[in-house]
Amino acid sequence: MEGFKAKFRLVTIVVLSIGIALVAIYDLLKPITNGCAMTYMYPTYIPIPVTESLSSSKYGLYLYHEGWTQIDFNEHLKQLIGVPVLFIPGNGGSYKQVRSLAAESDRAYQGGPPEPMLYQEASLVFEEGVKMDETDVPIPSQYKRRLDWFAVDLEGEHSAMDGQILEEHTEYVVYAIHRILNQYKDSQDARVKEGAVESSSLPNSVILVGHSMGGFVARAAVVHPNLRKSAVETILTLSAPHQSPPIALQPSLGHYYEYINQKWRKGYDVQTSRTVPQLSRVIVISISGGGNDYQIRSKLESVDGIVPSSNGFMISSMGVKNVWLSMEHQVILWCNQLVVQVSHTLLSLVDPETGHPISGTRKRLTVFTKMLQSGMPGSMLRQSDPQQSAHLPLQKERKFPGSEKIKITACPSKIHWSAEGLEKDLYIKTPTSTILAMDGRRRWLDIKELGSNGRTNFVLVTNLLPCYGIRLHLWPEKGTSDSDLPLNKRVVEVTSKIVQIPSGPAPRQIEPGSQTEQPPPSAVLWLDHKDMHGFRFLTISVAPSPTVSGKPPPAASMAVGQFFNPEEGRKEFSPKSLLLSMYSQKDIFIKEDHPIVMDFAFGISLGLLPATVSLVTTGCGIKKSGLPVEEVGDMDNGRLCKLRCFPPVALAWDPTSGLHIFPNLHSRTIEVDSSPALWTSTQGSEQTNVLLLVDPHCSYKISAAVSLTSAGRRFMLLYNSQIIGFSFAVVYFALMRQANAWELDLPVPSLLSAVESNLRVPLPFLLLTISPILIALFYSWLNPKSSPSVGSFFVVSMICYLIANGTIIILILTILILSHSFARIHVYFKTRWTWWILDPSTSFFSFKVMRVINANPSLATSLLAIALVCFVHPALGLLMLVSSHMLCCHHALCSYFTASSKARSEDLFGFGQGGKSSNFKNDESEEGLPVDENSSGSPDSARSYGDTQLEIFHHRHGLLILHLLSLLMFLPSLVAWLERLSMGHKFPWFLDSMVCMGIILHGICDSKPEFNVFFQIPGMRGYEIRQGFVYLIAGFCCYLSGLDLAPYKAFYAMATIGAVSFLFRIIERRNRRSGEVYYSRRKHSHRH
């Protein structure tokens, strides 16, 4: 029965792991529609002459020129007078990827700044109360200078796979920055020699734009000791991981990240700087691709904790003004909507007076804020506190830089309306006001009357442009007054509070003069009771529609405003209902005359369980429409509702990725790029609040169902590093059980049996999984910056641990099947044919070198592996170690099959007798059994010898799996190294070599199961640290490294065990001569 339960546990976990993996792969392979427009260009790449440099001969530097005509490269270089911008490609990227940004920058320079929109813009206020007014950084009517785009050619190397490549790229970027600045001096000198008069000053800094790993290289170059002072003051990154590598596999890669990030933290730290902090003038802007970027998650692209909010921020492409799109990792380089916005942003950094980038840090940050961020960033969309008002924010809420109520300004004086139209006043008596056309009327709403009964908030959605199409005013009294006070003292215009939102395509008019479907809203205004305090009336003025002779006026215009109570629009999807929605979706019915803003709280973050939200219009007030009964009867209900109801809009906010807006929401999977249930998760990331802007005239059926495929994809993308770290912990826990069995004089279980034993509930499963989680939570409580939800943290961590077990089980079964097959084949042929090449008496094995190697295989393996690790590549040394384990396993298994008259598969897998192997005989004669598989004295001795070989196989099989995982972690680095062989060879990083040397020493020194004593405490006989306890601690360390999303730290535990084991083996060998033995032999121990 126990064998059946064990197999059932293993099968269940394997099926779970494979199922989640297949679901994730299915969703990853589905095509993505991002809505991006293609960017077109006519590129020319001008090589920049290189000077003497260590790495200049390997890489290249180019200047981009836009145009289809042929140019003289030398003459073009002489005319360099623009603002230098250096593009740094990412992992496997090309310098030619600069073409989209450079081409659109050239067009933007020639076309000039876009016409300013009168929507509300984001604003900043700094810690000491200094306000950055938008008038301090005006947008000029014409850009002062063009951008000169340079790009480094890094030969398409995979910098995300190797820390040494990252360091070399950093060194070359530093050289490229200096070369660019020198080129401007050379160009000016050449022009002066030709008689030109130079009045402009030379640039002293370069703007860096990095994509993917190029963004991290840009930051690494800034803190490089060889970089000139103030040579870089502005960095813009696109889909760049700043917190850690996408998957931190290699120790040197993870260490280099930590080193650079620590230097950045110190660079902004006032306490560590006696004068001005080193990086006080450097700002970093990170633009993420959002949920569609499967390679880099937004949490990795955040600069929180690295760059203070006074010097930078991260914004998702879904929140970038005039973009509002999520895009893939490579698409972010050519998506025209984003490229155009970035081009105008960089051109706006040029000071009109000096022709160089603005020197003030705050002014540059203000330019990025105004040009990129929406006036409605939406931090208050996250309604974590039910007592708080569901207020749609009208400005960026950041403490440092923070937010403030932006100064209310009136519409520009150049915009004039016909005074005749405004005399046609309408008096609205209902809380909801609807505008279907530009009728030139002014609507009066009594705040005291319509805003009673808790309706303290007012929201207006419209597709009319502020000031040009619609204006709003707050009046302390109605109409004109006899008061002598000027108008601006009595009436406050709030039109500037209108915030832009993305809108879908406008409906087409079927025939001239006919009614069209309701157009989607493109702007929203939110006023709370504080905004309207002290005022009696709110007026909505609509401009008269412009008419052209012979053409009808545009009919696609709308505006709906309403006084509402936010508490009436709150709905909740509990965690239980979300989980059940995978099988049956949950429906919520909303009747007519509902609040225009519906606040839906999802108990589980939509970044972990994306939900497909559907809105079906069930009614639209047909009986109240005023249409003739016969016309209503002939008209289709859906068509009529499209004429009356504007398309819904969904707005979601995530603390990490920011604002997400989904226009024209009828049926769509809502997903935010959050990172819940992590050790470093911030407060509020465990749930998602979605605000729906829906027409109050219509009734809806709102359905929500978790998308199973999207959930599987999000899970694997978010927690793959955690699963890798847990995989090492699973193997260590299995090795612990093997070591404990040897110590207790029990048969060494197979690795598969040991993994299964650790999955038994309640013990040891809960002990092994809950203990490190509690340690992580205790550390989080000590750190105020992270506060993960205990429940979700437990659940997700345990699911990751189960998937890690499933992954290891699959790997174990694969190795077992291959080992079993090869051993069977070997034994089959060896018993029938004699292979002379394997005969030790042949001339090949008679060489002295081969005799030494054959007598000391461990020494030969260790020396060769360490030589490869130190002088070639760590992966090759690990490959040698894994090969040694495989040969030993093969030899032991062949010996087992040869010695056993009937080799039972249940003994091989460890489930034949309730998961136990056959017992050994406590016979002293077994001490002298030979190691040659052909030696067998009797059936009993053969049986004992076979069991001994099976134990050897189980022990070395565990080491094989552990070190095979280590080899797989270094494989990406090996691939990158092989690609660079033609470019010269460099020795591996010292850290990687030392760590892998420790791993090799662990594989050699602990290759025999009788070495069950890890360390003998000096001077204290009987007090010793056993191998099982050490493996338990190592497993906990790997578990914590997985929770920290740093699986490479598992190498440190393995290397430490190897180093201490090597030291103890030296001490043990030295003291063996005096008769002291530090490891205990079993009663039936055999000579292995």
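Residues numbered from 1 in each chain as written. Predicted model: local features only at pLDDT ≥ 70, side-chain atom pairs only at ≥ 80, totals over all residues. Heavy atoms only, no water.

**Regarding the overall build of the protein**
Cut-off, in case you're wondering: Only DSSP runs of H or I reaching four residues or more are called helices, and only runs of E reaching two or more are called strands; each is numbered from the N terminus. Burial classes: relative accessible area under 20% of the type maximum marks a residue as buried, over 50% as exposed, and values in between as partly exposed (1.4 Å probe, protein chains only). The contact rule is simple, with two residues in contact once any of their heavy atoms fall within 4.5 Å. Note on areas: these come from Shrake-Rupley sampling with a 1.4 Å probe, and a residue is covered only by the protein chains present in the view.
Looking only at helices and strands, one finds 27 helices and 31 strands in the protein. Looking at the protein residue by residue over its 1088 residues, the buried ones come to 57%. Nonlocal contacts in the protein, meaning residues at least 24 apart in sequence, comprise 80% of its contacts between residues at least 6 apart. Carbon and sulfur atoms make up 58% of the accessible area of the protein, which amounts to about 47300 Å² in all.

**Quick notes on the packing of aromatic side chains**
Counted only if it meets this: Here a Phe, Tyr or Trp ring, Trp counted by its six-membered ring, pairs with any other such ring whose centre lies within 6.5 Å, and the pair is stacked when the planes are under 30 degrees apart, edge-to-face when over 60, and tilted otherwise. Two conditions define a charge located above a ring, namely a distance within 6 Å from the ring centre to NZ of Lys or CZ of Arg, and an angle within 35 degrees of the ring normal.
Overall, the coordinates contain 31 aromatic pairs when judged by the stated rule. An aromatic cluster is present here, built from Tyr-45, Tyr-62, Tyr-64 and Tyr-95 joined pairwise through their rings. The ring of Trp-264 has Arg-219 sitting right over it, with the charged end atom 5.2 Å from the ring centre. A cation sits over an aromatic face here: Arg-824 above Phe-897, 4.2 Å from the ring centre.

**Considerations on the nonpolar core**
Our working definition: We define a nonpolar core as any set of buried Ala, Val, Leu, Ile, Met, Phe, Trp, Tyr and Cys residues linked to one another through side-chain atoms lying within 4.5 Å.
With 132 residues, the main nonpolar core has Phe-600, Phe-602, Leu-692 and Tyr-719 as its most contacted residues. Within the second largest apolar cluster, 49 residues are counted, among which are Phe-216, Val-217, Ala-231 and Tyr-268.

**Here's the deal with the sheet that holds strand E26 (residues 658-662)**
Using the following cut-off: The pairing criterion is simple: DSSP has to find at least two bridges between the two strands. To obtain an axis, a line is fitted to C-alpha atoms, over the contacting stretch when the element is a helix, and the angle between two such axes runs from 0 to 180 degrees between their N-to-C directions.
The sheet built from five strands is open, its strands ordered E21-E23-E28-E25-E26 with mixed pairing. The sheet is open, and its two borders are formed by strand E21 (570-573) and E26, each paired with just one other strand. Across the sheet, the mean angle from the axis of one strand to that of its neighbour is 20°, orientation sign disregarded.

**Some points on the state of the cysteines**
So the rule is basically this: Disulfides are defined in this document as cysteine sulfur pairs within 2.5 Å.
All told, the structure shown has three disulfides when counted by the stated rule. Bridging Cys-36 to Cys-335, the disulfide has an S-S length of 2.2 Å. Disulfide Cys-36-Cys-335: the torsion about the S-S bond is -85°, which places it as left-handed. Here the residue Cys-36 occupies a position in the loop between helix H1 (2-28) and strand E1 (43-47), and Cys-335 occupies one in the loop between strand E10 (312-316) and helix H8 (336-348), the gap between them amounting to 299 residues. Judged by its relative accessible area of 16%, Cys-36 is buried. Note on cysteine connectivity: Cys-645 is disulfide-linked to Cys-698, with sulfurs 1.6 Å apart.

**Points about the pattern of salt bridges**
For the record, the criterion: Any carboxyl oxygen of Asp or Glu that lies within 4 Å of a side-chain nitrogen of Lys or Arg is treated as forming a salt bridge with it.
Applying the stated criterion across every chain, the model contains 32 salt bridges. A salt bridge links Arg-364 to Glu-233; the shortest N-O distance between them is 3.9 Å. One end of the pair, Arg-364, is in helix H9 (residues 361-372); the other, Glu-233, is in the loop between helix H5 (213-222) and strand E8 (234-238), with 131 residues separating them in the sequence. Each member of the pair, Arg-364 as well as Glu-233, carries the same accessibility label: buried. Of the charged contacts in the structure, one is a salt bridge between Lys-1049 and Asp-1044, with a shortest N-O distance of 3.1 Å. On the basis of relative accessibility, which here comes to 26%, the residue Lys-1049 falls in the partly exposed class.

**Considerations on the pairing of strand E3 (residues 83-88)**
Where a strand is regular, its side chains alternate between the two sheet faces. The buried count for E3 comes to six of six residues, which makes it a mostly enclosed element. The side-chain alternation of E3 yields two buried faces, one formed by Val-83, Val-85 and Phe-87 and the other by Pro-84, Leu-86 and Ile-88. Examined bridge by bridge, E3 and strand E6 (residues 147-153) share five bridges and lie parallel to one another. Within E6, the residue paired with Leu-86 across the bridge is Phe-150. Alignment of E3 against strand E7 (residues 207-211), held across four bridges, turns out to be parallel. When the bridges of E7 are listed, Ile-88 appears paired with Gly-210.

**Structural notes on unusual backbone geometry**
Cis geometry marks the peptide bond from Val-761 to Pro-762; its omega dihedral reads 0°. Structurally, the position occupied by Pro-762 is in the loop between helix H17 (751-757) and helix H18 (765-782). With an omega of 5°, the peptide bond between Leu-763 and Pro-764 qualifies as cis. Checked against the element boundaries, Pro-764 lands in the loop between H17 and H18.

**A few points about the packing of H18 against helix H19 (residues 790-830)**
Note the following rule: Orientation categories follow fixed angle ranges, with anything under 35 degrees roughly parallel, anything over 145 roughly antiparallel, 65 to 115 roughly perpendicular, and all other angles oblique. For any helix crossing, the convention is left-handed if the near helix is rotated counterclockwise from the far helix by under a right angle, and right-handed if that rotation is clockwise. In this count, Pro and Cys sit with the nonpolar residues alongside Ala, Val, Leu, Ile, Met, Phe, Trp and Tyr, while Asp, Glu, Lys and Arg are called charged and the others, Gly among them, polar.
In contact at an axis separation of 11 Å, H18 and H19 are set at 135° when each is read in the N-to-C sense. With respect to H19, the element H18 is oriented oblique. The handedness of the crossing between H18 and H19 comes out as right-handed. Contacts from Phe-765, Leu-766, Leu-768, Thr-769, Ile-770, Ile-773, Leu-774, Ala-776, Leu-777 and Trp-781 of H18 reach H19 at Val-790, Phe-793, Phe-794, Ser-797, Met-798, Tyr-801 and Leu-802. Considered class by class, the residues forming the contact of H18 with H19 number 15 nonpolar, two polar and no charged.

**Quick look at the packing of helix H3 (residues 99-111) against H8**
At their nearest, the axes of H3 and H8 sit 8 Å apart, and the two run at 60° to each other. When the axes of H3 and H8 are compared, the pair comes out oblique. You can see that H3 and H8 cross each other, and the crossing is right-handed. Residues Ser-100, Leu-101, Glu-104, Ser-105, Ala-108 and Tyr-109 of H3 touch H8, and the partners they reach there are Asn-336, Val-339, Val-340, Val-342, Ser-343, His-344 and Leu-347. Here the contact of H3 with H8 is composed, by residue class, of seven nonpolar, five polar and one charged.

**Things to note about the pairing of E26**
With five of five residues buried, E26 is to be regarded as a mostly interior element. Pairing geometry for strand E25 (residues 649-654) and E26, over five bridges, is antiparallel. Of the residues in E26, the one forming a bridge with Ala-650 is Phe-662.

**Details of the sheet that holds strand E17 (residues 499-500)**
The five strands are arranged E12-E20-E14-E18-E17 in an open sheet whose pairing can be described as antiparallel. Each edge of the open sheet carries a strand with a single partner, namely strand E12 (432-435) and E17. The pairing of strand E14 (residues 457-462) with strand E18 (residues 523-527) spans five bridges and is classified as antiparallel. Of the residues in E18, the one forming a bridge with Phe-458 is Leu-527.

**Side note on a nonpolar patch on the surface**
The line we're drawing: Think of a patch as exposed residues, more than 30% relative accessible area, with no salt bridge, where like charges cluster within 9 Å and nonpolar side chains (Val, Leu, Ile, Met, Phe, Trp, Tyr) cluster within 5 Å.
A cluster of nonpolar side chains, Ile-18, Leu-22, Ile-25, Leu-29 and Ile-810, forms an exposed patch at the surface whose accessible area comes to about 470 Å². With three residues, H1 is the largest single contributor of residues to the nonpolar patch. When you line up the elements, Ile-18 lands in helix H1.

**A closer look at the environment of Phe-662**
Residue placement: Phe-662 occurs in strand E26. The class of Phe-662 is buried, set by a relative accessible area of 3%. It is 8.8 Å that separates the C-alpha atoms of Phe-662 and Pro-648, two residues lying 14 residues apart in sequence. Not counting the four nearest positions on each side in its chain, Phe-662 is found in contact with Met-318, Pro-648, Val-649, Ala-650, Arg-668, Ile-670 and Glu-671.

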